[in-house]
Structures are given as C-alpha cells and as structure tokens.
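Architecture at a glance
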Amino acid sequence: MGSLDEKTASAEDIIAARDLQVKITNCQCIPAMKVRGYTLNIKRKNTGKSDTDIMVEGNTLLQHCIDAIRLLSAGDVVTFDQIKAKDADNGPVLLPSFSITIR
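Owing to the predicted nature of the structure, the values given are computational and were not obtained by experimental measurement.

1. So, the environment of D89
- Here D89 shows up in the loop between strand 4 (77–86) and strand 5 (92–95).
- Among the residues examined, D89 registers a relative accessible area of 70% and is labelled exposed.
- D89 sits 57 residues away from A32 along the chain, and the two C-alpha atoms are 8.9 Å apart.

2. With respect to unusual backbone geometry
- For R18, which is not glycine, the phi dihedral falls at a positive 60°.
- Inspection of the secondary structure puts R18 in the loop between helix 1 (11–17) and strand 2 (34–43).

3. Let's talk about the environment of V78
- Position of V78 among the secondary structure elements: in strand 4.
- You can call V78 buried: its relative accessible area is 0%.
- Sequence-wise, V78 and N41 are 37 residues apart; in three dimensions their C-alpha atoms are separated by 5.7 Å.
- Those residues in contact with V78 that sit more than four places away from it in its chain are I14, L40, N41, L72, F98, S99, I100 and I102.

Basis of the calculations
Residues numbered from 1 in each chain as written. Predicted model: local features only at pLDDT ≥ 70, side-chain atom pairs only at ≥ 80, totals over all residues. Heavy atoms only, no water. Helix = DSSP H or I, 4+ residues; strand = E, 2+ residues; numbered from the N terminus. Buried < 20%, exposed > 50% of the residue type's maximum accessible area, 1.4 Å probe, protein only. Contact = heavy atoms within 4.5 Å.

Here is the structure:
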C-alpha cells in the first residue's frame, strides 16, 4: 500500500498511502506489474465480522473507501483481497491478499 510496508498503520497512514502498488520483498527493482483492481474488506474488532466489501477498479482508494477507513478504530482490520494486476505483457495476475490492522 503505497509506502506502507508494515502490518499495522493508522487510518490516516492508509489514506495518505492511497495507491495499491506491487512490491517485491528485498528487491530495489520496480516491478512491471500494475494493479487493476481489488476488494477492500473491513472487519471491525468490536463485532468480529466483516461489515464492508468494496470493489475497487484501478489502484487508488475511492472516496467512499477513505470515508469508511476514517471511521475505523484501533484493532479494526483492513484487508486488500482479490488483487488483480497485469504483468509487463498485459497478462492477468492474481496477487495474494494482505491485511493492515489499525493502531
């Protein structure tokens, strides 16, 4: 998520990062893959249930995603799932999900 490499972040850190980007661990190279869309899932600590699934086209958080993230509290979890990207040859790539816990 943008410049975030951690499993925890504040809601404002996530909003500031804004763009979902492909990074390769321990590599200084710039990957040729570009994110084309994903599902944003929000799970609130107090309910233990996923209460939001938002389909996003492209790699940038939409305004209603930002509004939902701003309402999160410590312990809530934002998961980026079903991440679809395209490789250098425009071939489809499905990337692994990842989660960020609000601190």
